[in-house]
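A structural walkthrough
For reference, the chains in residue letters:
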Amino acid sequence: MAHLLVVESWVGSMSRLLPRALGEGGHHFTFLTRDLQHYLRSAPEGTEHPLLTARNVVTAPTNDVGTLLPQAERLHEALRFDGVITSCDYYLPTAARIAARLGLPGPAAEAMENACRKDATRRILDAAGLPGPRFAVCTDAVAAAEAARAIGYPLVVKPVDLCAGMLVRRVDDETELAAACDALAGFPVNARGQLRTPHILLEEFLRGPEVSVETVSYAGTTHVVGVTDKSVGGAPAFIETGHMFPAALGPDDLAAATGTALRAGAALGLDDVVAHTEIKLTPDGPRVVEVNPRPAGNRITELVRHVTGIDLAAACVDVALGREPDLRRRDTGLRSAAIGFLVPEAAGTLASVEGAAGMRDADGVLEVQMAEPGRKVGAADSNNAYLGHVMAGDAAGLGARDRVESLLAAVRPRLVLS
């Protein structure tokens, strides 16, 4: 049995999957957070929240690394940790720095920082010769307008340090660019109270289907677990509306996507991490969208587990402990698994979700989750706005996506418009 230090967490599925993986591995953990209420607000059951299964819950200044590191040392002297881990992008570099300070296994902090910063990732991949979109990193709207004219519209505007598609927008002209820059300037602090870097990343708009490559690296070797496809909607935002594992790709596209992901991880110096690398399969070849040095979100980890038996959350625990992860495939009885998200298109108060009754009993359904009536909703502009999801599997082949889309087509959220 090992003792891990968990430094913050996402409040979504990983706040449940990571404690589950720790428990099933026979481990215990200490949970380090600056604001426990941030998690309890998303868990009406309160003390039943999985993060509260921690052996210890410690309040600490997780946003102040200089103060945090000596505190982590004192905790280590008293509690003795075997590894440090987090599921939240905003604390991945912090966890790596703590692990290094304590002499514990973990990825290089600089590699994690570069992977978590979209502008640094672009520069490093470009220097390594990986084909990518034309891009520019700008410090203000005036510089962005000048760079946009050089790159050409349409463009994608991104913050360099936010997650879940927040404030990522397609822009087709100077007016839309100015509005996107204003939106970024109006969001100076992220959801965890961290001051943002006010840089603006402009990228050439890439055309083609998007996939993600799920990998696990350990002791210098990277293993490809598989490739997931992605559906995107909500233009001009980029909202993930669904996924299927494995992606329905031919051998050439599969090799191109996985090869590009491996090259990107190597260029960034990522090792001892579970990674989720997003790739656009453009007419000119694969292009890296982002490299995320943590398990995939949006329940992709569960799609992988349903099809292969591989638990990526458990693999994340193993590499944090310096142990070889178990990546053996098992016969789960499913050839594919997919998820589709219910995305609100208007603002209001949710009155009901029509058509969801009895869905759990439909053929192949693995999960159904719908928001409760009374929830205040806005028109979706990121992956944080879902009203629910349906997950289903297919034992015969790659039919899981069609099954999910058919089920979701019968579901309608009814809103009292505000």
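Basis of the calculations
Per chain, residues are indexed from 1 in the order of the written sequence. pLDDT decides what is reported in this predicted model: residues at 70 or higher carry local features, side-chain atom pairs at 80 or more are listed and counted, and totals for whole chains, interfaces and linings draw on all residues regardless. Note that water and hydrogens are dropped before the side-chain values are worked out from all heavy atoms of the structure. Stacked, tilted and edge-to-face are the three classes applied to pairs of Phe, Tyr and Trp rings, where Trp contributes its six-membered ring and a pair requires centres within 6.5 Å; stacked means planes under 30 degrees apart, edge-to-face means over 60, and tilted covers the rest. Buried residues are those whose accessible area, probed at 1.4 Å on protein chains only, stays under 20% of the maximum for their type, while exposed residues exceed 50% and partly exposed ones sit between those limits. When DSSP finds at least two bridges between two strands, those strands are taken to pair. Numbering of helices and strands runs from the N terminus; a helix is a DSSP stretch of H or I covering at least four residues, while a strand is a stretch of E covering at least two. Using a grid of 1 Å spacing that covers the protein atoms alone, one calls a set of points a cavity when a 1.4 Å probe fits there but cannot get out, and a pocket when the set is open and has protein on both sides within 12 Å along at least five of seven lines; lining residues are those with an atom within 4 Å of a point. Grid points are joined across faces, edges and corners, and a volume is the space filled by probe spheres set on the points. Any residue outside Ala, Val, Leu, Ile, Met, Phe, Trp, Tyr, Cys, Pro, Asp, Glu, Lys and Arg is labelled polar, Gly included; the first ten of those are nonpolar and the last four are charged. Lines fitted to C-alpha atoms define the axes here, with helix axes fitted over just the stretch in contact, and angles between the N-to-C directions of these axes take values from 0 to 180 degrees. Working rule for contacts: check all heavy atoms of both residues, and any pair within 4.5 Å makes them a contact. Whenever two N or O atoms come within 3.5 Å, that pair is a polar contact, provided that in protein one can donate a hydrogen and the other can accept it, and provided that, for residues adjacent in sequence, both atoms are side-chain atoms. Among the buried residues, those of types Ala, Val, Leu, Ile, Met, Phe, Trp, Tyr and Cys that are joined through side-chain atoms within 4.5 Å form a nonpolar core.

The name an unreviewed UniProt entry gives the protein is Biotin carboxylase, with Streptomyces clavifer as the organism.

Take the packing of aromatic side chains next. In total, this model carries four aromatic pairs according to the counting rule given. With a centroid separation of 5.1 Å and 75 degrees between ring planes, the pair formed by F31 and Y39 is classed as edge-to-face. A relative accessible area of 0% places F31 in the buried class.

Once that is clear, we can look at the sheet that holds strand β17 (residues 376-377). Hydrogen bonds between backbone atoms are what pair the strands of a sheet, whose relative direction is either parallel or antiparallel. Spatially, the three strands line up as an open sheet ordered β17-β15-β19, and their pairing is antiparallel. Two strands close off the open sheet at either side, each with one partner strand: β17 and β19 (412-417).

All right, on to empty space enclosed by the protein then. In the structure shown here, the tally under the stated rule is one cavity of 30 Å³ or more. Taken as a whole, the largest cavity holds about 190 Å³ of empty space. Lining the largest cavity are 19 residues, with V84, I85, P107, M112 and D272 positioned closest to its centre. At the level of secondary structure, the elements contributing two or more residues to the lining of the largest cavity comprise β4 (83-85), α4 (92-102) and α11 (312-320). Examining the composition of the lining of the largest cavity, we find that four residues originate from one element, α4, more than from any other. When the residues that make up the lining of the largest cavity are grouped by side-chain class, the tally is 15 nonpolar, two polar and two charged.

Turning to the sheet that holds strand β13 (residues 285-292), a few remarks are in order. The strand order across the open sheet built from eight strands is β13-β12-β9-β10-β11-β14-β18-β16, with neighbouring strands paired in antiparallel fashion. Among the strands making up the open sheet, the edge pair consists of β13 and β16 (365-370). Each strand axis lies, on average, 25 degrees off the axis of its neighbour in the sheet, ignoring direction. Taken together, the nine bridges between strand β9 (residues 210-218) and strand β10 (residues 221-233) define a ladder with antiparallel strand orientation. Counted as the bridge partner of S217 is T222 from β10. Relative to β9, α11 is tilted by about 35 degrees, and along the sheet it contacts β9, β10 and β12 (274-282).

With that out of the way, let us pick up the environment of Q194. The residue Q194 is located in the loop between α8 (174-185) and β8 (200-204) in this model. Residues in contact with Q194, not counting those within four places in the same chain, are N63, Y90, Y91, P188 and V189. Polar contacts involving the side chain of Q194 include one to the side chain of N63, which spans 3.2 Å. At 2.8 Å, the side chain of Q194 forms a polar contact with the side chain of N190.

This part covers the nonpolar core. L4, I85 and V317 are the most contacted members of the largest nonpolar core, which has 41 residues in total. Counting residues per element, the ones that place at least two in this core are β1 (3-7), α1 (14-24), β2 (28-33), β11 (239-245), α10 (300-308), α11 and β14 (336-342). Of all the elements, α11 adds the most residues to this core, at seven residues. Formed by 39 residues, the second largest nonpolar core is a distinct cluster that contains A60, Y91, L102 and L184.

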